[in-house]
Amino acid sequence: MRKFFFAAAMGLITLALSPVSFAQTIDPNIAAKYAIGEIKSIDAAAKQMTIKTDSGSMVTVSLSDKTTYKKLAPGEKALTNATDVTFADLAEGDRVMARGTVSEDRKSVPAVQVIVMTKGDLAKKQEAERLEWRRRGILGVITALKPESKEITISNRTVAGTQAVVIPVSDNTEMRRYAPDSIKFGDAKPSNFGELKVGDQLRALGERTEDPLRFKPEKVVTGSFRTVGGVVTAIDPATGEIKINELEKKHPLTIVVKNDSVLRRFSGMGGPGGGAPGAAGGGQPGQGAPLARPQGGGGPGGGPGGGGPGGRNINDMLDRLPTISIADVKVGDTIIVSSTQGVDPTRLTAISLVAGADALLAMLAPRPQPGQAAPNPAAGLGSSGISFGIGLP
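Novice: Hey, could you go over the packing of aromatic side chains for me, with residue numbers and the actual values?
Specialist: Counting across every chain of the model gives three aromatic pairs. Ring geometry for Tyr 69 against Phe 87: centres 6.3 Å apart, planes inclined by 50 degrees, an arrangement best described as tilted. Of this pair, Tyr 69 sits in strand E5 (residues 68–71) while Phe 87 sits in the loop between strand E6 (83–84) and strand E7 (95–99), placing them 18 residues apart in sequence. Classification of Phe 87 by relative accessible area gives buried; the value is 14%. When the ring of Tyr 178 is compared with that of Phe 225, the centres are 5.2 Å apart and the planes differ by 70 degrees; the resulting orientation is edge-to-face. Of this pair, Tyr 178 sits in the loop between strand E13 (174–177) and strand E14 (189–190) while Phe 225 sits in strand E17 (residues 225–236), and the two are 47 residues apart along the sequence.

Below is the structure:
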């Protein structure tokens with residue numbers, strides 16, 4: 001969500017900076033005439049504040065009686081719509097652009113102007129965007145691509161089963177893609193149809209058509225993700241690392257949990273087949289429909305059982321599970337974790353992590369044939385259609 005400010009700030013940058021200010025820098029949030037970041041501390045007596053950029057750089061912002069302060073609403077791109085505020089109106093967690101001549105070491109800037117988007121306004125905007133993506137969005141795994149017509153077919157998983165939904169993209173469709181080792185929705189980079197691969201996860205925002213198995217997108221976000229299940233063997237909250245034994249291949253893996261990782265617990269389970277959290281209706285854990293193994297393809301168009309876009313979707317259900325912290329994960333927990341494909345296959349940076357996932361894995365696992373042994377607990381992940389790697393804004 002931190003990238004949220006940049007779209008609004010670009011208009012301000014073009015007004016405030018000369019072309020030389022766009023030279024490449026180590027930290028893209030620091031240029032010759034500005035620094036952008038989140039307020040981490042404020043020293044009113046010294047008239048200073050410290051901001052942290054998205055790349056982790058710390059910048060000291062010095063303020064004076066001549067510094068001016070403007071408050072801009074998220075989404076606004078021109079200062080004509082800004083309102084005057086004061087130094088006293090700034091707070092930790094606010095997003096700011098500090099304009100001034102940045103020091104050569106890029107660690108300080110005497111600000112002539114501070115443009116702020118408040119933490120509260122950003123949170124309201126983020127929640128509105130999340131609700132929009134939930135209401136008008138679809139999520140699935142790419143199963144087929146038609147370059148000649150730019151049509152994407154995804155497997156859309158519902159409680160009742162899976163169905164194929166066709167998503168045609170055009171030149172007007174905004175397409176973005178997760179980079180390797182990236183975990184934030186807002187960090188997805190501009191992309192195109194040619195970068196898509198079968199097996200990618202996809203989240204699209206748009207409109208349902210008269211045909212329930214087609215979806216008209218306005219925005220498409222994709223990525224190549226790795227989803228694994230495992231049993232927790234060790235936890236280090238100080239480093240944000242969780243050690244697991246991976247269920248399918250029996251390999252030890254290290255899960256790295258960062259500030260932007262989303263951790264949830266599949267709670268209220270009475271074991272496989274117990275009560276599941278409410279699905280698209282937003283029920284509470286332990287309430288709602290029973291957790292049943294999918295049977296068949298479900299009714300098209302989101303009929304009983306939730307077949308179509310916006311129906312009772314397992315991914316949507318996972319999005320609505322209660323969030324937890326790394327301190328709530330316990331040794332012995334069975335977890336499912338999603339990550340982008342990174343450089344080191346033994347280390348995964350968690351985008352989404354679901355603890356207490358025994359019942360979910362049991363539901364996803366294929367039924368054994370008569371005379372066959374029970375499948376590996378994680379056998380259903382590869383073809384399950386579970387696509388909670390792509391988060392929400």
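There is more to say after this.
Novice: Describe the sheet that holds strand E21 (residues 323–324), naming the residues involved and giving the relevant values.
Specialist: Ordered in space as E21-E20-E24-E22-E17-E18-E19-E23, the eight strands form an open sheet in which the pairing is mixed. A single partner strand is all that each edge strand has here, and the edge strands are E21 and strand E23 (347–349). Strand direction decides the pairing type here: E17 and strand E18 (residues 241–246), joined by six bridges, are antiparallel. Paired with Ala 234 across the bridge in E18 is Lys 243.

Novice: Please provide a residue-by-residue account of the nonpolar core, values included.
Specialist: Generally speaking, nonpolar side chains in soluble globular proteins are found buried as a group. Membership of the largest hydrophobic core comes to 19 residues, with the highest contact counts inside it found for Val 61, Leu 90 and Val 114. Of all the elements in the fold, those that place two or more residues in this core are strand E2 (34–43), strand E3 (48–52), strand E4 (58–62), E7 and strand E9 (113–117). The residues contacting Val 114, other than those within four sequence positions of it, are Met 49, Leu 63, Thr 67, Thr 68, Tyr 69, Lys 70, Leu 90, Val 96 and Met 97.

Novice: Explain the pattern of salt bridges to me, and be specific about the residues and the numbers.
Specialist: Within this structure, the stated rule accounts for 13 salt bridges. Residue Arg 265 pairs with Asp 333 through a salt bridge whose shortest N-O separation is 2.7 Å. Here Arg 265, found in strand E20 (residues 262–265), pairs with Asp 333, found in the loop between E21 and strand E22 (334–340); they are 68 residues apart in sequence, far enough to count as distant. Residue class for Asp 333 comes out buried when judged on its relative accessible area of 14%. Taken together, the shared-partner salt bridges in this structure form one network comprising Glu 132, Arg 135, Arg 136, Glu 207 and Glu 218.

Novice: Pulling in residues and values, what's your account of the pairing of E17?
Specialist: Relative to E22, E17 is paired through seven bridges, and the arrangement is antiparallel. Note on E22: the bridge partner recorded for Val 231 is Thr 334. In this antiparallel pair of consecutive strands, E17 and E18, the connection spans four residues, and Gly 240 shows a positive phi of 70 degrees.

Novice: Any chance you could break down unusual backbone geometry for me, citing the residues and the numbers?
Specialist: Its identity as a non-glycine residue notwithstanding, Lys 47 has a phi of 55 degrees, on the positive side. With respect to the element layout, Lys 47 can be found in the loop between E2 and E3. Exposure remark for Lys 47: the relative accessible area of 26% places this residue in the partly exposed category. Even without being glycine, Lys 150 reaches a positive phi, approximately 50 degrees. Mapped onto the elements of the fold, Lys 150 is located in the loop between strand E10 (137–146) and strand E11 (151–158). Take Lys 150: its relative accessible area is 31%, and that puts it in the partly exposed class.

Novice: Let's hear about the environment of Phe 185: which residues, and what values?
Specialist: Checked against the element boundaries, Phe 185 lands in the loop between E13 and E14. Phe 185 gets classed as buried once you look at its relative accessible area, which sits at 15%. Separated by 208 residues in sequence, Phe 185 and Pro 393 place their C-alpha atoms 5.7 Å apart. When residues no more than four places from it in sequence are discounted, the contact partners of Phe 185 are Trp 133, Tyr 178, Arg 203, Val 221, Ile 390, Gly 391, Leu 392 and Pro 393.

Novice: Explain the pairing of E3 residue by residue, including any values.
Specialist: Because side chains alternate across E3, one face comprises the buried residues Met 49 and Ile 51, and the other comprises Gln 48, Thr 50 and Lys 52, none of which is buried. Of the pairings in the sheet, the one linking E2 to E3 comprises five bridges and is antiparallel in character. Bridging across to E3, Ser 41 finds its partner in Thr 50. What sits between the antiparallel neighbours E2 and E3 is a turn of four residues, in which Lys 47 has the positive phi angle 55 degrees.

Novice: Could you give me a rundown of helix H2 (residues 119–136), with the residues and numbers involved?
Specialist: A rise of 1.5 Å per residue sets the reference length of H2, with its 18 residues, at 26 Å; its end C-alpha atoms lie 26 Å apart and thus fit the reference within 8%. Within the sequence span of H2, burial applies to Leu 122, Gln 126, Trp 133 and Arg 136. Each buried residue of H2 lies within a common arc of 120 degrees when the element is viewed along its axis, so the set occupies one face. Facing away from the buried side of H2, by more than 90 degrees, are the exposed residues Lys 124 and Arg 135.

Novice: Report on the environment of Arg 264, specifying residues and quantitative values.
Specialist: Looking at where Arg 264 falls in the secondary structure, it is placed in strand E20. Overall, the relative accessible area of 15% leaves Arg 264 in the buried class. Taking the C-alpha atoms as reference points, Arg 264 and Val 354, 90 residues apart in sequence, are found 4.8 Å from one another. The residues touching Arg 264, leaving out its near neighbours within four places in the chain, are Leu 318, Asp 319, Arg 320, Leu 321, Pro 322, Thr 323, Ile 324, Leu 353, Val 354 and Ala 355. At 2.6 Å, the side chain of Arg 264 forms a polar contact with the backbone oxygen of Leu 321.

Rules of the game
Think of each chain on its own: its residues are numbered from 1, step by step along the sequence as written. With the structure being a predicted model, the display of local features is reserved for residues of pLDDT at least 70 and the display and counting of side-chain atom pairs for 80 or more, all residues being used for whole-chain, interface and lining totals. Hydrogens and water molecules were not included; the side-chain quantities draw on all heavy atoms of the structure. Here a pair means two rings of Phe, Tyr or Trp (six-membered ring of Trp) with centres within 6.5 Å. Their orientation is stacked below 30 degrees between planes, edge-to-face above 60, and tilted elsewhere. Where helices and strands are cited, they refer to DSSP runs of H or I of at least four residues and of E of at least two residues respectively, numbered from the N terminus. Only protein chains enter the accessibility calculation, which uses a 1.4 Å probe; a residue is then buried when its area is under 20% of its type maximum, exposed when over 50%, and partly exposed in between. Pairs of strands are assigned from DSSP output, requiring at least two bridges between the strands. Nine residue types can take part in a nonpolar core, namely buried Ala, Val, Leu, Ile, Met, Phe, Trp, Tyr and Cys, and a core is a set of them joined through side-chain atoms within 4.5 Å. The contact definition used throughout considers only heavy atoms, calling two residues in contact when any of these lie within 4.5 Å. Any Lys or Arg side-chain nitrogen located within 4 Å of an Asp or Glu carboxyl oxygen qualifies as a salt bridge. Given a helix with a known number of residues, its expected span is that number minus one, times 1.5 Å. Directions pointing from the helix axis toward each C-beta atom define the arc. Two N or O atoms count as a polar contact when they lie within 3.5 Å, although within protein this holds only if one can serve as hydrogen donor and the other as acceptor, and sequence-adjacent residues are included solely when both atoms are side-chain atoms.

Read these as layout, nothing more, since geometry by itself doesn't imply function.
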